[in-house]
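Notes for the structure review
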Protein chains: 2
Amino acid sequence: MEKILKGACIFAQSGGPTAVINASAYGVIHTALADPNITKVYGAAHGIKGVLGDELYDMDMEDPEELKLLMHTPSSELGSCRYKMADPDKDETDYRRILEVFRKHDVRYFFYNGGNDSMDTCNKISKYMQASGYDCRVMGVPKTIDNDLFGTDHCPGYGSAAKYIATSVAEVYKDACVYDTGTIVIIEIMGRHAGWLAGAAALACLAGAGPDLVYLPETDFDMDAFIADVSRIYGEKGKCLVAVSEGIHYADGTFVSEAKVSATDGFGHAQLGGLAARLAQVVKVRTGAKVRGIELSLLQRCGAHLASQTDIDEAFLAGKTAVESAVSGVTDKMVAFKRETADGQYRCVTELLPLTVVANTEKKVPLNWINDAHNGVTQEFIDYALPLIQGENSRVVENGLPRFARLKKIRA
Amino acid sequence: MEKILKGACIFAQSGGPTAVINASAYGVIHTALADPNITKVYGAAHGIKGVLGDELYDMDMEDPEELKLLMHTPSSELGSCRYKMADPDKDETDYRRILEVFRKHDVRYFFYNGGNDSMDTCNKISKYMQASGYDCRVMGVPKTIDNDLFGTDHCPGYGSAAKYIATSVAEVYKDACVYDTGTIVIIEIMGRHAGWLAGAAALACLAGAGPDLVYLPETDFDMDAFIADVSRIYGEKGKCLVAVSEGIHYADGTFVSEAKVSATDGFGHAQLGGLAARLAQVVKVRTGAKVRGIELSLLQRCGAHLASQTDIDEAFLAGKTAVESAVSGVTDKMVAFKRETADGQYRCVTELLPLTVVANTEKKVPLNWINDAHNGVTQEFIDYALPLIQGENSRVVENGLPRFARLKKIRA
């Protein structure tokens, strides 16, 4: 039997925002507010920095209907941070301060919503509390559009970004092939080290409007092979749509976005603009075609209007499971997803992974899900990603515009 | 009484695509297919070039259900062109050829869907047919995301682009204010000569997530005033969201996107990347803040998933009205929109304007709809644009992806 633990909880958000991170927030807050063991629900302003600064919002004071709107409000509503805590063996100042704040508010539950780094932070805080003899259950709630968290089938946030990317690529495809004069379009997609997002562009092929070429950071990029690929397809079809991960790099590890490119390719100086603009310039010089570079930029991670309902539901589930597990006695775990496809239908169930396993390990696209020419993904990738973009969301629209949650954020 | 005219019709699309231009196509094709006076419905491949090349698709052969999907298929499904016909007084080769093709297929109705230039083309073709004694009714169907067509309250395509822009700006706003470390975001919006699209960014303020500053091309841009505006707001709020039209220019007429900028602003050479990247660099150098430039690029004109239902309905109406008017005896007119707000409710009715009035005149944002500081729009602008973005569309989704129309395009 679990030991009953009564006390307050703190929920905090970390790292880059996603379209559904607030659905996880709602999963935690809504479940915690209803739980008799949780005496008070606090939201920390700007992640762990809000805990350190004792900047806590009283979630009990919020209008339940506004909280519900978190399900469709993009970005981290409580604010995020990129604060890296010290190793407690070297400097335990921050940890002492967290313990102090926890004691002050009788915090017995800590839920941290974030990516790799956040799971590491969770882990260190939990270990410190244990060593200090302070009874507190610490749970990680995953999120990242990058989908690179180890141990979980996928991460909340990925499905919605994938849906945004696939839909936008399909629409751009329609636009790009409108003139009978040829055109090449290069779309830059987030993902510095893992190609999950760039690969999602290939889903647009199912709409009959997909990219001709997709380049992921899991393999080395070769500019000559790239130009040859583009030229061949442009020659055959009079158009070419390319999706590239921002993280593509040469064999020596240099990011293409940062490498010096020869003056014959149109630029020898450090350039403004991103990778898409760079590649567009190179392709233009080498092929003479009309080329356009498009960077999906922040849009792909905050596009809540296109969030996948599957992703929203799972993000909520992750938050809810974290609270329910903690109350039942679990600590030091991250909620993870397991895919069950026994009957051929996609089904997602949660499991709990030790924070130590998850922290600081990156999950990349398996190399056998990338084609031999390293310019596309295989059917395995499509089969993996497609279920995650299903479901049109039922966001609230007011005046033709998104109706985001408006929290009072009353300081505790 | 109108003279009954029986014969075939040709429908063609021109200029840059929009999210709803195919809804106008469906308005024309659907109405024409049902009209007993129209013996055959042809769609020209790539606008007037398809007429010149006798590349006509037989619309009678299409599946009605696929045609219906045109209502939610972005871009010009029949293909577009940017072909500029000669002045018939100087060279009538093209006009002779068009007459030849019209005679060959007994074409008695010509519907051309486009912007300023297309209305000019329509007008010239019509005059030539009249001078040649060939009985043919010519109607213009307006479209342009730029909303710069003279004589009409607004243009099909604008409302959807405006909705896409306002929604995306609101989402980026949420994302941009997530960290407690300051940030400045500059969003570049289409509109070379008119600021209707950039102004639409201000609609996001109604979602509580709007831009702090908006710059339109109707007024001269002053870099120092701009930096002062941004610095002031950044100083006050720790963040600043800016919407700029791609067409902003200095007092001497030079586009900011093309002007040489001093090396002290971080670049002295011709640069890749668009205006957003340029301005971001200048702001970064001058303020030291973290700055991000985002270009909405093609996404804003092909974002059918966010198309306003009002815009879709009106685009259809424009096509339908063109056919009905032509059959009833009208020629040489463009379908225009008139706003009726007698009861305080927005209502859009059609009227017919002479092509000669519309052709080659640009409609800009009235200067009194721009604030005195030239860094925002007034309530009049909001009141004008808001009704146009209303209505969530009911697009068909398959596999979580847009289901676009798949036409057979059988050559006549």
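None of these values were measured; they are calculated from a predicted model. (Residues numbered from 1 in each chain as written. Chains lettered and ligands numbered in written order. Predicted model: local features only at pLDDT ≥ 70, side-chain atom pairs only at ≥ 80, totals over all residues. Heavy atoms only, no water.)

**Thoughts on the interface of chain A and chain B**
Where the parts come together, the accessible area they lose is often given as the size of the interface. The cut-off we apply is this: We call two residues in contact whenever any of their non-hydrogen atoms come within 4.5 Å of each other. Defined in terms of a 1.4 Å probe, buried area is the accessible area two parts forfeit on being brought together, summed over both. By definition here, a salt bridge exists when the distance from a side-chain nitrogen of Lys or Arg to a carboxyl oxygen of Asp or Glu is within 4 Å. Labels follow the DSSP assignment, with helices taken as runs of H or I lasting at least four residues and strands as runs of E lasting at least two, numbered in each case from the N terminus. Three classes are used: nonpolar for Ala, Val, Leu, Ile, Met, Phe, Trp, Tyr, Cys and Pro, charged for Asp, Glu, Lys and Arg, and polar for all others, with Gly counted as polar.
The interface of chain A with chain B comprises 65 residues on the first partner and 66 residues on the second. In total, chain A and chain B occlude about 5500 Å² of area from one another, counting both sides; carbon and sulfur atoms represent 59% of this. Counting across the interface, chain A meets chain B through eight salt bridges. Elements with a minimum of two residues in the side of chain A that touches chain B: α6 (158–176), α9 (275–287), β9 (291–295), α10 (299–302) and β13 (401–402) of chain A. Element by element, the count of residues in the side of chain A that touches chain B is highest for α6 of chain A, at ten residues. Of the residues contributing to the side of chain A that touches chain B, the split by class is 30 nonpolar, 20 polar and 15 charged.

**Brief notes about the pattern of salt bridges**
Following the criterion strictly, the structure yields 52 salt bridges over all chains and no others. Two residues, R403 of chain B and E398 of chain B, come together in a salt bridge whose shortest N-O distance is 3.4 Å. One salt-bridge network, in which partners are shared between bridges, spans E66, E398, R403 and R406 of chain A.

**Overview of the packing of aromatic side chains**
Aromatic rings in a pair are described by how distant their centres are and how their planes are angled relative to each other. Note the following rule: Whether two aromatic rings pair depends on their centres lying within 6.5 Å, for rings of Phe, Tyr and Trp, where Trp uses its six-membered ring; planes under 30 degrees apart make the pair stacked, over 60 edge-to-face, and the rest tilted. The buried label applies to any residue whose accessible area, calculated with a 1.4 Å probe on protein chains only, is under 20% of its type's maximum; exposed applies above 50%, and partly exposed to all values in between. Here, over-ring charges are defined by two tests on the NZ atom of lysine or the CZ atom of arginine: distance to the ring centre within 6 Å, and angle to the ring normal within 35 degrees.
Scanning all chains against the criterion turns up 30 aromatic pairs over all chains. Here W369 of chain A and Y384 of chain A contribute two aromatic rings whose centre-to-centre distance is 5.3 Å and whose plane-to-plane angle is 50 degrees, an arrangement assigned as tilted. Remark: Y384 of chain A occurs in helix α13 (residues 379–385) and W369 of chain A occurs in the loop between α12 (355–358) and α13; sequence separation between them is 15 residues. Taken as a pair, W369 of chain A and Y384 of chain A share a single burial class, namely buried. Ring centres of F110 of chain B and Y112 of chain B lie 5.5 Å apart, and the angle between their planes is 25 degrees; on these two criteria the pair is classed as stacked. Considered together, F110 of chain B and Y112 of chain B belong to a single accessibility category, that of buried residues. Among the aromatic residues, those joined into a ring-pair cluster are Y158, W196, W369, F381 and Y384 of chain A. It is R108 of chain A that lies over the ring of Y134 of chain A; its NZ or CZ is 4.2 Å from the centre.

**A short note on the sheet that holds strand β10 (residues 333–340) of chain B**
Residue and element names in this part refer to chain B. Note the following rule: Strand pairing follows a simple DSSP-based rule, namely that at least 2 bridges must link the two strands. Fitted lines through C-alpha atoms serve as axes, helices being fitted only where they are in contact, and the angles separating the N-to-C directions of these axes extend from 0 to 180 degrees.
Judged by pairing direction, the sheet is mixed, and its seven strands sit side by side in the order β3-β2-β1-β4-β5-β10-β11 without closing on themselves. In this open sheet, the two strands that pair with only one neighbour each are β3 (56–58) and β11 (347–354). Sheet twist, expressed as the mean angle between neighbouring strand axes with direction ignored, is 30 degrees. Of the pairings in the sheet, the one linking strand β4 (residues 107–114) to strand β5 (residues 137–142) comprises six bridges and is parallel in character. The residue bridging Y109 from the neighbouring strand is R137, located in β5. Across the sheet, helix α11 (residues 309–327) touches β2 (38–44), β4, β5, β10 and β11, and the angle it forms with β5 is around 170 degrees.

**Focus on helix α5 (residues 116–131) of chain B**
Residue and element names in this part refer to chain B. Where we set the bar: Given a helix with a known number of residues, its expected span is that number minus one, times 1.5 Å.
Between its first and last C-alpha atoms α5 spans 23 Å; for 16 residues at 1.5 Å apiece the expected length is 22 Å, and the two agree. Burial within α5 is extensive, with twelve of its 16 residues counted as buried. When we look at burial in α5, the residues that qualify are N116, S118, M119, D120, T121, C122, N123, K124, I125, S126, Y128 and M129. In the core, the buried residues of α5 are packed alongside α2 (48–52), α4 (93–104), β4, β5, β10 and α12 (355–358).

**As for the relation of the copies chain A and chain B**
Inclusion rule: Residues reaching a pLDDT of at least 70 in both copies supply the C-alpha atoms on which the copies are superposed by least squares.
Superposition record for chain A on chain B: RMSD 0.0 Å, screw rotation 180 degrees, translation along axis 0.0 Å. Classification of the inter-copy transformation places it as that of a two-fold axis.

**Remarks on helix α9 (residues 275–287) of chain B**
Residue and element names in this part refer to chain B. For α9, built from 13 residues, the straight-helix expectation of 18 Å at 1.5 Å per residue is met to within 8% by its first-to-last C-alpha distance of 18 Å. For α9, every residue scored as buried is listed here: L275, A276, A277, R278, L279, A280, Q281, V282 and V283. The inward-facing, buried residues of α9 contact β6 (183–189), α8 (223–237), β8 (239–245) and β9 (291–295). Count one or two residues on from α9 and you reach G288, which has phi positive near 75 degrees.

**What to know about the nonpolar core**
Cut-off, in case you're wondering: We call a set of buried residues a nonpolar core when its members are Ala, Val, Leu, Ile, Met, Phe, Trp, Tyr or Cys and they connect through side-chain atoms within 4.5 Å of each other.
Within the largest apolar cluster, 100 residues are counted, with the highest numbers of intra-cluster contacts made by Y158 of chain A together with Y158 of chain B. Once residues lying within four places of it in the same chain are set aside, the contact partners of Y158 of chain A are T144, I145, N147, W196, L197, A200, D311, F381, Y384, A385 and L388 of chain A.

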